[in-house]
Amino acid sequence: MSVQKVKDSSDLDAKVPAHLRRTSITGLTVTSDPSHRCVKARVVHKGPMISCAQKDGIEMLKAEIREKDLPQSTTEHTSINVIFFGTLAKDFSQSVRQGDVVLLADFTIKKSPSFLRDKLHPCQLEMDGNDAFVYVCSSAAPSQGPSCSEAKYTYVPLNNLKHKTVVNVYGVVTFFKQPFPSKGSDYCSTLKITDQSDVKVSCNIFSKKLEDHPVIFRVGDIIRLHRFKTGIFNDSMTLLNTYGWSAVTFDGIIDSPVTPRATSKSFYFGESDRNTVQKLRQWASSQSLISNEPTVSLSSVSPGMYFDFTCQLLAKAVMDSRCILLKVWDGTKCEHPLLNIAVASDALVGESTAAKDRMNLTANVLVYDNHMEAAQDLKPGTFLRFYNLRSLLQRAPDQQADQAEHLSFHLHGGSTYGRGLRSLPAESPDLQSLKSVLENHVDLDEYDEVNDGTLLEIWYTPPEAVVLPNDEEPDEADTGHSYTVRTCEHNTQQLTLARVKRSTPPLSCHVRARVKKYHPQQLYQCLKLFCSKCKTMKDVPDDGAVAKVFRESARENRPCDVQWAATSSVRSREAGRNISMHISRDMVGQSTHMHLIFVEGTTLDEICVLSRNYENLVPVRSENGRMALMDLTAPFLFSRDKRYYGCKQCSLNTFENHVFAGMETYDGQTVAEALGVQLMQYRLLIQFELDDGTDTLEALLWENAEKFFHVSAVDASGSQDLQDKIQTIIDTIKPPQSSLEERPWLDLCLSVYTVKDNDSNNKVCYQITDSEIREE
Ligand SMILES: [Zn+2]
Ligand SMILES: [Zn+2]
């Protein structure tokens with residue numbers, strides 16, 4: 001038995017054979033006995049026919065049915081997948097449409113393999129064999145097709161979305177990006193929607209075909225999404241298109257016709273949809289989600305703006321492999337002289353714009369990189385809208401400084417802040433005023449043949465020279481290899497340096513930039529001493545200053561006389577100077593590397609020689625026979641290659657004999673504590689001037705420096721190899737004699753904060769945090 005049709009839903013019940021009992025979908029379990037049971041439900045999704053490889057290529061079809069008489073919100077698992085096999089699949093495909101009500105009997109119940117993903121139902125029904133039967137009650141006259149069926153979709157308010165469910169939603173678009181190529185062969189649309197619940201939900205749509213993507217013209221448009229899967233991404237609910245998805249959009253302007261924009265041929269659209277759209281329009285206008293002036297006219301454009309621009313294409317020309325010129329107008333006159341870019345007449349597609357150029361009506365828009373694909377398909381006469389277009393004042397390369405700059409327009413690569421362009425259908429409601437303005441200029445065309453001196457004013461400027469580096473997004477901003485990786489878990493968008501500079505601290509943000517300069521140039525100078533107590537930072541003293549302290553300390557010719565120590569002295573080569581070494585008596589007899597040796601009367605060179613053989617040397621001086629520490633300009637401890645310094649302000653210099661007894665290991669910290677010295681830590685400090693093409697800023701690498709280089713500062717202080725490693729890294733991110741373009745991009749996490757300067761004014765600082773060199 002195959003699929004049989006009935007006229008009315010009540011006929012279905014009459015068709016139920018006496019021995020069958022109706023079962024609710026919700027109540028089905030894998031252990032339910034399917035015999036003598038049937039389900040009645042509405043087909044909410046019907047998949048295509050496919051051939052099943054596991055079953056010798058037998059045809060199969062998957063459909064989703066939903067319990068008919070239960071309100072969907074009250075229970076879980078009211079929908080279930082049904083798999084039809086063989087001729088039943090074929091009959092079902094031909095006879096049943098989405099929205100139809102069906103009665104199914106003699107199914108088998110299996111565990112649903114897709115339950116973890118679709119959360120529909122733990123079971124699925126399989127219909128195979130001769131006994132299975134399907135009665136169908138068509139929900140509409142067959143001739144009207146599925147698009148007109150009265151399928152009732154349930155729409156979930158955005159504040160009621162549950163993780164990992166497949167839903168239908170309505171929303172007002174608050175942000176969108178035109179589809180852009182994603183990884184793989186798909187295009188991706190990104191948008192954010194909201195509804196009366198005021199919850200904003202992000203939505204990603206991946207589809208190979210550009211024409212399948214939602215047709216969104218502007219913020220405030222209303223969108224209906226069917227079969228989108230919910231998921232948590234970065235702690236917030238996100239929608240992703242899933243199998244059988246569709247998207248339909250509507251204009252958001254109140255009182256404009258509710259005309260669905262859809263690319264799919266079959267979609268359902270009925271009175272309830274009309275109502276939903278109207279209600280969302282009302283709500284959106286009360287929330288000021290739509291501005292009355294959706295785009296800026298040419299007459300109100302000022303330099304340095306990012307804006308949406310609605311206009312008509314007059315002519316276009318390909319400039320080179322990554323730039324196309326669009327000559328457009330909106331019938332309004334720009335207040336600033338407009339840049340005109342000369343193009344060979346055979347390269348120009350479309351009408352001559354000479355007359356409009358003279359009246360300052362033609363905007364020359366340079367469209368780059370990923371937007372070229374959309375621009376290439378545009379025909380002159382098309383209405384279009386640019387999103388996040390940039391206006392810039394520019395001066396020709398040979399122009400005098402006192403001449404007026406001209407306004408140019410750039411649509412750079414990338415999709416930051418929704419940057420893009422798209423054509424608009426001529427009947428769009430918000431084009432009507434533009435069209436009437438354009439009609440006022442019909443007479444202009446008559447003058448187009450006039451050829452006077454205006455051409456001389458045109459700049460024969462290649463687009464490269466026109467592009468100013470200031471305040472534009474870098475082309476590689478979104479992609480490409482970076483020499484650094486971020487290690488943070490911030491959920492923050494990547495910003496251009498120009499935007500970072502406009503932001504209000506405090507703030508953590510992510511940037512992608514190159515190193516323009518760094519400071520200090522001499523890398524050993526990036527090694528600093530830092531007192532964590534008083535926050536003093538100073539350079540590591542050079543050997544000259546340290547040697548001087550040693551010489552002065554050695555002048556005292558009365559050696560220390562300390563009861564707690566065993567002392568041995570030798571006469572130095574210099575007349576009248578003795579070198580003494582004191583060890584605590586407790587330590588006598590221990591192996592020498594365990595000793596903490598107090599050295600008196602040496603020069604810097606001599607103690608350096610001694611430190612090759614003795615692990616821990618504390619230089620001391622005699623103060624009228626009493627042992628005292630040297631001036632803290634000098635290290636208070638020499639430990640093999642490393643020298644440890646104390647803070648002059650915070651050290652107490654209170655060392656006494658008994659403290660050393662029982663010390664088992666010596667390191668900078670334990671010795672410092674024993675001596676009453678506040679240890680200064682080694683730190684790395686480098687200032688980078690970063691550049692991403694939009695702006696530059698000076699960022700400190702300080703607290704995160706050791707992680708950044710994978711080098712410990714204290715180890716680097718005593719190791720030429722480690723200092724060389726830092727130098728190598730610096731030479732990689734800013735190779736000597738390289739141009740900025742040759743340097744690698746760095747992905748960085750920046751902390752933006754303020755500090756008070758000497759005049760207690762707030763100064764904004766940028767520090768590189770949570771970023772490190774990628775170790776290949
Ligand atoms: Zn200090
Ligand atoms: Zn971060």
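Description of the structure in this document. (Residues numbered from 1 in each chain as written. Chains lettered and ligands numbered in written order. Predicted model: local features only at pLDDT ≥ 70, side-chain atom pairs only at ≥ 80, totals over all residues. Heavy atoms only, no water.)

1. A word on the sheet that holds strand S25 (residues 537–539)
The strands that make up a sheet are held in pairs by hydrogen bonds between backbone atoms, and each pair lies either parallel or antiparallel.
Stage number 1. One open sheet accounts for 3 strands, arranged S25-S24-S33; its pairing is antiparallel. A single partner strand is all that each edge strand has here, and the edge strands are S25 and strand S33 (681–684). For this sheet the average axis-to-axis angle between neighbouring strands, irrespective of direction, equals 40°.
Stage number 2. When strand S24 (residues 527–530) meets S25, the two strands line up antiparallel, connected through 3 bridges. Paired with Phe530 across the strands is Met537, a residue of S25. (Pairing = 2+ DSSP bridges. Helix = DSSP H or I, 4+ residues; strand = E, 2+ residues; numbered from the N terminus. Axes fitted to C-alpha atoms, helices over the stretch in contact; angles between N-to-C directions.)

2. A short note on the coordination of the zinc ion (ligand 1)
Stage number 1. Donor atoms from the polypeptide that bind the zinc ion (ligand 1) are Cys531 (SG), Cys534 (SG), Cys647 (SG) and Cys650 (SG), placed at 2.2 to 2.3 Å.
Stage number 2. The site at the zinc ion (ligand 1) holds 4 donor atoms, and with the angles between them running 105 to 114°, its shape is tetrahedral.
Stage number 3. Read N to C, the donor residues that coordinate the zinc ion (ligand 1) are spaced as C-x2-C-x112-C-x2-C.
Stage number 4. For Cys531, a relative accessible area of 0% puts it in the buried group. (Donors = N, O, S within 2.8 Å, 3.2 Å for Na, K, Ca; no water. Tetrahedral: all angles 85-135°; square planar, octahedral: opposite > 155°, others 65-115°. Buried < 20%, exposed > 50% of the residue type's maximum accessible area, 1.4 Å probe, protein only.)

3. Points about the pattern of salt bridges
Stage number 1. Counted according to the given criterion, the structure contains 21 salt bridges.
Stage number 2. The residue Lys501 makes a salt bridge to Asp695 at a minimum N-O spacing of 3.7 Å. Of this pair, Lys501 sits in helix H10 (residues 497–502) while Asp695 sits in the loop between strand S34 (686–691) and strand S35 (696–701), and the two are 194 residues apart along the sequence.
Stage number 3. Across the salt bridge formed by Asp715 and Lys642, the nearest N and O atoms sit 3.2 Å from each other. With Asp715 in helix H15 (residues 713–717) and Lys642 in strand S32 (residues 642–644), this pair connects stretches of sequence that are 73 residues apart.
Stage number 4. Overall, Lys642 belongs to the partly exposed group, its relative accessible area being 25%.
Stage number 5. Salt bridges linked by common partners bring Glu64, Arg66 and Arg227 together as one network. (Salt bridge = Lys/Arg side-chain N within 4 Å of Asp/Glu carboxyl O.)

4. Describing the environment of Val511
Stage number 1. Relative to the elements of secondary structure, Val511 occurs in strand S23 (residues 507–519).
Stage number 2. C-alpha separation for the pair Val511 and Asp747, spaced 236 residues apart in sequence, amounts to 6.0 Å.

5. Observations concerning the sheet that holds strand S13 (residues 222–233)
Stage number 1. In space, the 5 strands of this closed barrel follow the order S10-S11-S12-S14-S13, with mixed pairing throughout. Pairwise comparison of adjacent strand axes, ignoring direction, gives a mean angle of 50° for this sheet.
Stage number 2. Note that strand S11 (residues 187–194) and strand S12 (residues 200–207) share 8 bridges and pair antiparallel. What sits directly across from Cys188, in S12, is Phe206.
Stage number 3. In this fold helix H4 (residues 271–286) packs onto strand S10 (166–181), S11, S13 and strand S14 (236–250), with an angle of close to 65° to the strand it touches most, S10. (Contact = heavy atoms within 4.5 Å.)

6. Topic: helix H11 (residues 543–554)
Stage number 1. When the terminal C-alpha atoms of H11 are compared, their 16 Å separation across 12 residues agrees well with the 16 Å that a helix rising 1.5 Å per residue should span.
Stage number 2. For H11, the secondary structure elements touched by its buried residues are helix H12 (604–610), strand S29 (616–623) and strand S31 (637–639).
Stage number 3. Of the residues flanking the start of H11, the one acting as N-cap is Asp542, its side-chain oxygen 3.1 Å from the backbone nitrogen of Gly544. (Expected span 1.5 Å × (residues − 1). Polar contact = N/O pair within 3.5 Å; in protein donor to acceptor, adjacent residues only side chain to side chain.)

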